[in-house]
Amino acid sequence: MSAPPPTLDLSQRDQTINLGAGPSSLPTSVLLTAAQGILDHDGTGMGLTELSHRSGTFKKVIEKAEADLRALLAIPDDYAVLFVQGGGTEQFSATALNLLAAHAVHNPDYVRNNNGQGPPCDYVVTGSWTSKAVKEARRLGFNANVAVDARKAEGADGKFGMIPEVSTWNLSPAQSKPAFLYYCDNETVDGVEFPNPGFPIDRLPKEYRDTVPIVADCSSNILSRPIDVAAHSLIFFGAQKNVGPSGVTVVIVRKSLVVDPDLGVEHGGPRIPTTLVYKNMLDNASLYNTPPMFAIYASGLVFDDLLRNKGGVQGATERAQQKSRLVYDAIDASEGILIPTVRQPGARSRMNVTFRIARPGTATPDEALEDRFAKRCAEHHIVQVKGHRSVGGIRTSLYNAVTVEQVQKLVEVMRAFVQEVKAEAQA
Ligand SMILES: Cc1ncc(COP(=O)(O)O)c(C=O)c1O
């Protein structure tokens, strides 16, 4: 006889508006289904994390998650969908390693003819996460070329907050056969996002665009607008923002670039730890070793919910536009009290709205005011609004699970706070 079931108390959750940057909120209906699944999945008498990952039951779960993601993003058949571990951070090395291996296999004479030097790897650095990706590439000895560092652009003041024009980027010549071009579609820490419809692939030089594999880190804005998968060679995202619990990272990769890295080693390609080899994941349907079962399962429930109940990516796109416009309108109407950290309006993120708070007429961030704003938010059950520790200020993250109504409440608090600060200045 098992103990009587504890009742689920959702009273605090129901009134909380969680604007965390990730891990972040997920739809309650999805979590309730997952709560059942973790105790008894589909009448099997076993919780989802208690059964074999090689069972038919789990295979159904992972196959449905993949099929729904394929439908949501219109992923072509010649692309693999891999569910891997290690987070976005592990993909900083895994993407480069696998694409360098593919380069070595496809261009066996390259390194020998290039005095032992590997192909250039181009990086478009628009925020903290691409900056970290470059650091990792350099640490591993890759030939990383920073095509643009947005901090160094005119008017940037050494901070992230804009996206320089493509024409100013220092891309490697296509003839030098870069292994890839790497970018991050939405920089979570800095609140910088490539303007709709996304990264300007069509503005890259034609030969470059046609020959260089393009890699996108979409960890913090996947499923919030359409993305042209076929124009990319590789797209990856950690789950813990728009998708599901942390623990699983999804890699969507063109199958022709998935190679056995050992075949490239004699041509200067890298050796790759077994679990980072995409081919191992592809050949074993992401079950090479024990996968993060719960994270895959819950992500699958989110895909199902978005696809069948919430209008798919189109529905998410419209809501993301509406929510971010509400917050930016409140910022723009604040007469300099709320100061957006992203100086270029077109590059303002729809997912992570970052701003500082200043007393009227000063234009200087006031940390005491920012603390007071965070407290005011907490009084209204709006939580996790402080900026990333590296940049400070306020960051409100408006991921897919955050509703329009919740954002309207945030905006009420923002407007009331602005009035409070104005009144203090006049007193
Ligand atoms: C855009 C982006 N890339 C990469 C990462 C790193 O992800 P992880 O912490 O899962 O390694 C994050 C984390 O927030 C992110 O926002």
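The preceding data block contains the structure.
Since this is a predicted model, take the numbers as computed values, not measurements.

**Student:** Help me out: how do you make sense of helix α9 (residues 293–309) in this one?
**Tutor:** Think of an α-helix as 3.6 residues a turn; residues three or four steps apart then line up on the same face. An ideal rise of 1.5 Å per residue puts 24 Å on 17 residues; α9 measures up with 24 Å between its terminal C-alpha atoms. Across the 17 residues that make up α9, a large majority, 12, are buried. Among the residues of α9, M293, A295, I296, Y297, A298, S299, G300, L301, V302, F303, D305 and L306 are the ones counted as buried. Close packing links the buried residues of α9 with α2 (28–39), α3 (56–73), β2 (79–84) and α10 (312–332). At the exit of α9 stands G311, carrying a positive phi of roughly 80°.

**Student:** Honestly, the packing of helix α11 (residues 367–379) against helix α12 (residues 404–426) in this entry has me stumped. Any pointers?
**Tutor:** The description of two helices packed together rests on the angle between their axes and the distance between the axes. Between α11 and α12, whose axes approach to 10 Å, the crossing angle comes to 135°. With respect to each other, α11 and α12 are oriented oblique. Handedness of the α11/α12 crossing: right-handed. For the pair formed by α11 and α12, the contact residues are L369, R372, F373, R376 and C377 on the first element and L410, V413, M414, F417, E420, V421 and E424 on the second. Per-class residue counts for the contact of α11 with α12 are 8 nonpolar, no polar and 4 charged.

**Student:** Just to check I follow, could you spell out the site of the ligand for this structure?
**Tutor:** The environment of the ligand is made up of 13 residues, and the closest members are T89, T188, D217, Q240 and K241. A distance of 2.6 Å is found between a nitrogen atom of the ligand and a side-chain nitrogen or oxygen belonging to D217. For the ligand, the protein covers 84% of the area, taking 390 Å² as the surface of the free molecule. Top element by residues in the shell around the ligand is helix α4 (residues 87–106). It accounts for 4 residues. Looking at the shell around the ligand, its residues break down into 3 nonpolar, 8 polar and 2 charged.

**Student:** What's the story with the sheet that holds strand β11 (residues 338–340) in this structure? I'm lost.
**Tutor:** Either a parallel or an antiparallel arrangement is found when strands of a sheet pair, and the pairing is made through backbone hydrogen bonds. Read across the open sheet, the 3 strands follow the order β11-β12-β14; overall the sheet is antiparallel. Unpaired on one side and paired on the other, β11 and β14 (394–397) mark the two borders of the sheet. Averaged over all pairs of adjacent strands, the angle between their axes in this sheet comes to 35°, without regard to strand direction.

Each value, and the rule that gives it
Once a new chain begins, its residue numbering starts again from 1 and follows that chain's sequence as written. Since the coordinates come from a predicted model, pLDDT governs what is reported: local features require at least 70, and pairs of side-chain atoms require 80 or more to be given and counted, while whole-chain, interface and lining totals use all residues. Think of the side-chain values as coming from all heavy atoms in the structure, minus any hydrogens and water. The secondary structure listing takes helices from DSSP runs of H or I that are at least 4 residues long and strands from runs of E that are at least 2 residues long, numbered from the N terminus. Working rule for helices: expected span equals 1.5 Å times residues minus one. Relative accessibility decides the category of a residue: with a 1.4 Å probe and only protein chains considered, values under 20% of the type maximum give buried, values over 50% give exposed, and everything between is partly exposed. Contact definition: two residues touch when any of their heavy atoms are within 4.5 Å. Where helices are involved, their axes are fitted lines through C-alpha atoms of the stretch in contact, as for all axes, and angles between N-to-C directions lie from 0 to 180°. The labels follow the angle: roughly parallel below 35 degrees, roughly antiparallel above 145, roughly perpendicular from 65 to 115, and oblique for the rest. What makes a crossing left-handed is the near helix being turned counterclockwise from the far one by less than a right angle; a clockwise turn instead makes it right-handed. Any residue that is not Ala, Val, Leu, Ile, Met, Phe, Trp, Tyr, Cys, Pro, Asp, Glu, Lys or Arg is counted as polar, Gly included; the first ten are nonpolar and the last four charged. What makes a residue near a molecule or strand is one non-hydrogen atom of that residue sitting within 4 Å of it. Here a polar contact means two N or O atoms within 3.5 Å. Within protein one must be a hydrogen donor candidate and the other an acceptor candidate, and residues neighboring in sequence count only if both atoms are side-chain atoms. Residue burial considers only the protein chains on display, and all accessible areas are found by Shrake-Rupley using a 1.4 Å probe. When DSSP locates at least two bridges between a pair of strands, those strands are taken to pair.

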